[in-house]
Amino acid sequence: MSIQTRALFVHLLTATGAVFAMLAMLSAVQENWSMMFVWLVVAFAVDGIDGPLARRYDVKTNAPRFDGALLDLIIDYLTYVFIPAFALFQSGLLPGWTGWFAIIVITFASAMYFADNRMKTSDNSFQGFPGCWNMLIIVIFAIKPSTWIMMALVVALAIAMFLPLKFIHPTRTVRWRPVSLPIGMAWTFFAGWAAWVDFHPQSWAHWGLVATSVYLLFAGIAQQIIPTRSGLRPA
């Protein structure tokens, strides 16, 4: 198989995320939240795989007809933002005006963030919270915090999208990657497990999900605070 064909197959793999997004949306419309999150976790796993493959087979050179970055952004907006926001609203976890407020803030702020040319840092991390609302909302479904805690999280992360705060990419941020990559994989496992058991309150997968989410949320900020071995703080 030629490298051009392999590069094309990477684009096709990325495009399966749109199919998983549709399956997730159909489950959400039926208020089958566990299956919705199962499909979103599958899409999340594909998103973690296709990037390294795209760089390995240099899709920009070997399959230039399709814009892999644009394709990825379209699918990410559906699976990271749009469908999870709909689930948060439709589930009734945020009642009345709070649900309307949350979906407007999440979808509007994320649209602006996804179009921000400064969203990536020099070490391939994200500048500002990268719009991973799927990760927040699956934790909300698992532990069901109070309305005001959910609102505070939504507002804080929406603001954090446009602050000079660093958030790691588990596969691309080199610093701490031997820890970050396994934790990212563990998050995927715990998220899939929690959804598969329909967010059973006694499932210990919830605690693994919370612990890995806390690391992924704050590791980049910790890297900004903790000096590198050279004694210089990273950007």
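Further up the page is the structure itself.
**Quick word on the overall build of the protein chain**
Move 1: Helix and strand counts for the protein chain come out as nine helices and two strands.
Move 2: In the protein chain, the succession of α and β elements from N to C terminus is α-α-α-α-α-β-α-α-β-α-α.
Move 3: Its C-alpha radius of gyration of 18 Å places the protein chain within 12% of the 18 Å reference for a compact globule of 235 residues.
Move 4: Over its C-alpha atoms, taken along the principal directions, the protein chain stretches across nearly 50 × 45 × 35 Å.
Move 5: Among the 235 residues that make up the protein chain, the fraction classed as buried is 45%.
Move 6: In the protein chain, the share of contacts with a sequence separation of at least 24, taken over all contacts with a separation of at least 6, comes to 75%.
Move 7: For the protein chain, the exposed surface amounts to about 12,300 Å²; the carbon and sulfur share of it is 70%.
Move 8: Averaged over its 14 positive side-chain charges, the protein chain has a centre that lies 11 Å from the centre of its 10 negative ones.

**Quick look at the nonpolar core**
Move 1: Ranked by size, the top nonpolar core spans 59 residues in total, and within it M36, F37, W133, I138 and L209 carry the most contacts.
Move 2: Take this core: its biggest share by element is nine residues, from helix α6 (residues 133-143).
Move 3: Once you skip the residues sitting within four places of it in the chain, I138 turns out to touch F37, V41, W187, A191, F199 and L209.
Move 4: In terms of nonpolar packing, the next biggest core, distinct from the first, is built from six residues, A7, V10, A54 and Y57 among them.

**Notes on the packing of aromatic side chains**
Move 1: Applying the stated criterion across every chain yields a total of 19 aromatic pairs.
Move 2: Judged by centre distance (5.2 Å) and plane angle (80°), the ring pair of F129 and W133 falls under edge-to-face. You'll find F129 and W133 in the same group, each marked buried.

**A short note on a nonpolar patch on the surface**
Move 1: On the surface, W97, F101, W148, V155, I159 and L163 cluster together into a nonpolar patch covering about 630 Å² of accessible area.
Move 2: At the level of elements, α5 (97-114) and α7 (147-160) are the ones that each hand at least two residues to the nonpolar patch.
Move 3: Element by element, the count of residues in the nonpolar patch is highest for α7, at three residues.
Move 4: Within the element layout of this structure, W148 appears in helix α7.

Thresholds, definitions, all that
Residues numbered from 1 in each chain as written. Predicted model: local features only at pLDDT ≥ 70, side-chain atom pairs only at ≥ 80, totals over all residues. Heavy atoms only, no water. Helix = DSSP H or I, 4+ residues; strand = E, 2+ residues; numbered from the N terminus. Rg over C-alpha atoms; globule rule 2.2 N^0.38 Å. Buried < 20%, exposed > 50% of the residue type's maximum accessible area, 1.4 Å probe, protein only. Contact = heavy atoms within 4.5 Å. Areas by Shrake-Rupley, 256 points an atom, 1.4 Å probe, with all protein chains shown as cover. Lys, Arg positive; Asp, Glu negative; His and termini not counted. Charge placed at Lys NZ, Arg CZ, Asp CG, Glu CD. Core = buried A, V, L, I, M, F, W, Y, C linked by side-chain atoms within 4.5 Å. Phe/Tyr/Trp six-rings, centres within 6.5 Å; stacked < 30°, edge-to-face > 60°. Patch = residues over 30% accessible without salt bridge, like charges linked within 9 Å, V, L, I, M, F, W, Y side chains within 5 Å. Salt bridge = Lys/Arg side-chain N within 4 Å of Asp/Glu carboxyl O.

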